[in-house]
Amino acid sequence: MSDEKRLQADQSGILSVEQQEELLRPISEHVAAIQEKIDALRVEGTDKVLSLRRHIELIRNDRNFSKAEKADIVAEDKKALKAALAVEAKNKAEVNALIKEAEDYLKANYRSQYYEPVVESLKKAKIQAIEEHKKHLATLSREHKENLARIRSEHKPEMQQEIKDENYVYKNRLFDAKMMHKKALQEIKDNRHRAFVEQYHMIDLLRMSKFTFAQKQAQKWELRRYSFNNKEFFLKNGLYLVIILIFILLCFLAPILKNTRLLTANNVLNILQQASPRIFLALGVAGLILLTGTDLSIGRMVGMGMVTSTVIMHRGVNTGSIFGHIFDFTHMPLIGRAFLALFVGIVLSVLFTSLAGFFTAKYKMHPFISTMSNMLIIFGLVTYATKGVSFGAIEPAIKETFIPTIKGFPTIIAWAVAAIIIIWFIWNKTRFGKYLYAVGGNPEAAAVSGISVFWVTMGAFMMAGVLYGFGSWLECLRMTGSGSAAYGQGWDMDAIAACVVGGVSFTGGIGKISGVVVGVMIFTALTYSLTVLGIDTNLQFVFEGIIILTAVTLDCLKYVRKK
């Protein structure tokens, strides 16, 4: 670098690449000297331990050796490994002391001597880049106006075409300028990120990638900061931000309009209690949406489950009948009746979801059709069987046994938490969960890789049936019965909407359990809040429809951007 260029860089306050390297050199050389001492201590210790362990693993998996030969080689390696471990233990204290010395040096010098000067330089470089961009735009605008004036002054027959061509060229130049500006800003951002991570590259070698908790968190925070994008953030979280603002507004209006407060412990518990059975339904349909499907029969399954559970757990002998017969379960113990109601509800739900799943998986029927058929069949059967009669209340002791309120806390919430944990485990830690995402993302590729698309689809529908049955049973306990065929109407839309708002994409293979839970909470809290404020139920449907439309639009925009 010439003295003239160095002087220009110093006057602008912007460090060149060479100057940045000069600032870093003494720090990296000092740490490198310590690293050499550590490497020397690790040669006969840690390095040999890692090498021998890898060799033992390779020998055990090598089919070219007989069992006896493997045993002899492994025994010899273990003997050498024991000696290497002894050397590692002997040098551990000295290695740790050297690591601490290097980290203390970095802590004392890295930021002040290198990172902060680089960041300050990059701030000035960013200001300079913005100013140069503005100047460039002004130059392009001036040249464009001059060209237009020249074309108009010549009065050529093809003047209008030349004006169109000039406008087109000008737009292209503006686009090129924008791309160049974005590239310059990205280079500045990349430079700052490199300056930050350089320290952790040194620590990585010192610690052999075994970072402390604080070091891991610092790197995660930096990665989030580096990859953060305003447009992507608002595209992903804009709906949540709007809903939060709506809740803030409702909390502000509630004391004024109804002389009551929304954010109370009792209201929060009521919302969680109402949301608990709905979480089961949303978790069930989420697996189907993950496969680019849906389920329109959820609400009718809730009605079927409520009727079944109420009939079995009814307080005394039923006054109504099923297909003309009155069933009496009063001779059974209460706990036995509760478990029977749960079992029958799950079996019926799984039966119908399996039916829809079979037609979807075997004949490639769209879930919209197969589940709509289920919806009509279930509603018709249950209404015909009960003649539209509501079956009243269940035994109160059953509710107190399975979902008691302990010191003001409704334990029905614990059932929902257990379901969330179990489904999270299935989605994220089992082979079926991995297959679920794979089939949802690309069923053709999943089939080629050996995954049975049929059984994954059937499994998702059957799992949904189990969750529907369980959720209906819990709702029956929560409401102390009130079983009727019409119960649950509209719950299918609530469950699907909760999944969509929670980020489970209809494009398939995208979604998280946490998003489903957040979606359920949003809709339950919104409905509860609007009810407290006395908003008409029909207007609540309007709010729900707007939220669903917005959520799906944002999901489509994310998909379009990826394409």
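Reading the values: rules and limits
- Residues numbered from 1 in each chain as written.
- Predicted model: local features only at pLDDT ≥ 70, side-chain atom pairs only at ≥ 80, totals over all residues.
- Heavy atoms only, no water.
- Helix = DSSP H or I, 4+ residues; strand = E, 2+ residues; numbered from the N terminus.
- Rg over C-alpha atoms; globule rule 2.2 N^0.38 Å.
- Buried < 20%, exposed > 50% of the residue type's maximum accessible area, 1.4 Å probe, protein only.
- Contact = heavy atoms within 4.5 Å.
- Areas by Shrake-Rupley, 256 points an atom, 1.4 Å probe, with all protein chains shown as cover.
- Lys, Arg positive; Asp, Glu negative; His and termini not counted.
- Charge placed at Lys NZ, Arg CZ, Asp CG, Glu CD.
- Salt bridge = Lys/Arg side-chain N within 4 Å of Asp/Glu carboxyl O.
- Expected span 1.5 Å × (residues − 1).
- Bend = angle between axes of the 7 residues up to and from the residue.
- pLDDT = per-residue confidence, 0-100.
- Core = buried A, V, L, I, M, F, W, Y, C linked by side-chain atoms within 4.5 Å.
- Phe/Tyr/Trp six-rings, centres within 6.5 Å; stacked < 30°, edge-to-face > 60°.
- Lys NZ or Arg CZ within 6 Å of the ring centre and 35° of its normal.
- Axes fitted to C-alpha atoms, helices over the stretch in contact; angles between N-to-C directions.
- Parallel < 35°, antiparallel > 145°, perpendicular 65-115°, else oblique.
- Left-handed = near helix turned anticlockwise from the far one by under 90°.
- Nonpolar A, V, L, I, M, F, W, Y, C, P; charged D, E, K, R; others polar.

Novice: Help me understand the overall build of the protein in this model?
Specialist: For the protein, the helix and strand inventory stands at 19 helices and two strands. In summary, the protein has a C-alpha radius of gyration of 34 Å against a globular reference of 24 Å for 563 residues, an excess of more than 25%. Projected onto its principal axes, the C-alpha positions of the protein cover 100 × 95 × 55 Å. Taking all 563 residues of the protein together, 41% fall into the buried category. Across the protein, the fraction of contacts at a sequence separation of at least 24, relative to all contacts at a separation of at least 6, is 78%. Taken as a whole, the protein presents about 31900 Å² of accessible surface, with 62% of it coming from carbon and sulfur. Across the protein, the mean location of the 67 positive side-chain charges is 7 Å away from that of the 51 negative side-chain charges.

Novice: Hey, could you run me through the pattern of salt bridges in this one?
Specialist: Pairing between side chains becomes possible if they bear opposite charge and their charged atoms approach one another. The tally for this structure, following the rule as stated, stands at ten salt bridges. Note that Lys48 and Glu44 form a salt bridge whose closest N and O atoms lie 2.8 Å from each other. Given the relative accessible area of 33%, Lys48 is considered partly exposed. Here Glu222 makes a salt bridge to Arg192, at a shortest N to O gap of 2.7 Å.

Novice: Sorry, what's going on with the side chain of Gln199 here?
Specialist: When you line up the elements, Gln199 lands in helix 5 (residues 159–207). Classification of Gln199 by relative accessible area gives buried; the value is 14%.

Novice: Looking at this model, I keep getting lost on helix 5. Mind explaining?
Specialist: For an α-helix, the turn length of 3.6 residues means that residues three or four places apart are oriented alike. The end-to-end C-alpha distance of helix 5 is 71 Å, a good match for the 72 Å that 49 residues give at a rise of 1.5 Å each. At Val197, helix 5 shows its maximal bend, which comes to roughly 30°. Directly beyond the C-terminal end of helix 5, a positive phi value near 55° is found at Met208.

Novice: When you look at the confidence of the model for the protein in this model, what are you seeing that I'm missing?
Specialist: Parts of the prediction with low pLDDT should not have their coordinates interpreted in detail. The predicted model of the protein averages 89 in pLDDT, with 96% of residues at 70 or higher. Helix 1 (residues 3–12) is the least confidently modelled element of the protein, averaging 48 in pLDDT, while helix 13 (residues 412–429) averages 96, the highest of any element. Counting interchain partners and residues more than four positions distant, the pLDDT-below-50 stretch residues 1–9 has seven contacts.

Novice: Would you take a moment to explain helix 16 (residues 453–479) for this structure?
Specialist: Over its 27 residues, helix 16 runs 39 Å from end to end, which matches the ideal 39 Å to within 8%, given 1.5 Å per residue. With 22 of 27 residues buried, helix 16 is to be regarded as a mostly interior element.

Novice: How should I be thinking about the nonpolar core in this particular structure?
Specialist: Burial of nonpolar side chains together is a common tendency in soluble globular proteins. Core analysis: the biggest nonpolar cluster contains 92 residues, and Leu283, Met313, Trp473 and Leu477 have the highest contact counts within it. Per-element accounting of this core gives the leading share, 13 residues, to helix 16. Those residues within four positions of Leu283 in sequence are excluded, and the remaining contacts are Ala419, Ile420, Ile423, Leu467, Ile513 and Val516. The next biggest cluster of nonpolar side chains, apart from the first, holds 28 residues, and it includes Tyr114, Tyr115, Val118 and Ala125.

Novice: Sorry if this is basic, but what is going on with the packing of aromatic side chains here?
Specialist: Where two aromatic rings form a pair, the distance of their centres and the angle of their planes describe that pair. Overall, the coordinates contain 18 aromatic pairs when judged by the stated rule. With centroids separated by 5.7 Å and ring planes inclined at 80°, the aromatic side chains of Phe358 and Phe359 adopt a geometry described as edge-to-face. A relative accessible area of 32% means that Phe359 is categorised as partly exposed. An aromatic cluster is defined as three or more aromatic residues linked by ring pairs; in this entry it consists of Phe280, Phe339, Phe402, Trp415, Phe470 and Trp473. When the ring centre of Tyr226 is taken as reference, the NZ or CZ atom of Lys189 above it lies at 5.8 Å. When the ring centre of Tyr384 is taken as reference, the NZ or CZ atom of Lys387 above it lies at 4.3 Å.

Novice: Can you help me understand the side chain of Glu475 in this one?
Specialist: With respect to the helices and strands, the residue Glu475 is situated in helix 16. Residues in contact with Glu475, not counting those within four places in the same chain, are Pro277, Met306, Tyr487 and Trp491.

Novice: What is the right way to read the packing of helix 10 (residues 334–363) against helix 11 (residues 367–386) from this model?
Specialist: The relative placement of two packed helices comes down to the angle between their axes together with the axis-to-axis distance. One can describe the packing of helix 10 onto helix 11 by two numbers: an axis separation of 9 Å at closest approach and a directional angle of 150°. What the angle tells us is that helix 10 and helix 11 run roughly antiparallel. Of the two elements, helix 10 crosses helix 11, and the hand of that crossing is right-handed. In this structure, helix 10 contributes Phe352, Thr353, Leu355, Ala356 and Thr360 to the contact, and helix 11 contributes Pro367, Ser370, Thr371, Asn374, Ile377, Ile378 and Leu381.

Novice: When you look at the packing of helix 3 (residues 46–61) against helix 4 (residues 67–154) in this model, what are you seeing that I'm missing?
Specialist: Relative to each other, helix 3 and helix 4 sit at 165°, their axes nearing to 8 Å. As judged from the angle between their axes, helix 3 and helix 4 are roughly antiparallel. Judged by the twist between their axes, the crossing of helix 3 over helix 4 is left-handed. Where helix 3 abuts helix 4, its residues Thr46, Lys48, Val49, Leu52, Arg53, His55, Ile56, Ile59 and Arg60 lie against Lys70, Ile73, Val74, Asp77, Lys78, Ala80, Leu81, Ala84, Leu85 and Glu88. Here the contact of helix 3 with helix 4 is built from residues that sort into ten nonpolar, two polar and seven charged.

Novice: Help me out: how do you make sense of unusual backbone geometry in this one?
Specialist: Residues apart from glycine generally show negative phi values, whereas peptide bonds are mostly found in trans. Of note, the phi angle at Met208 is positive, near 55°, even though the residue is not glycine. Note on placement: Met208 falls in the loop between helix 5 and helix 6 (213–227). Owing to a relative accessible area of 31%, Met208 belongs among the partly exposed residues under this scheme. Even without a glycine there, the phi angle at Thr292 is positive, about 65°. Checked against the element boundaries, Thr292 lands in the loop between helix 8 (265–290) and helix 9 (298–312). Looking at Thr292, the relative accessible area reads 37%, which means it is partly exposed.

Novice: What am I meant to see in the environment of Lys124 here?
Specialist: Examined against the element boundaries, Lys124 turns out to sit in helix 4. Residues Lys124 and Glu166 lie 42 residues apart in sequence; the distance between their C-alpha atoms is 35 Å.

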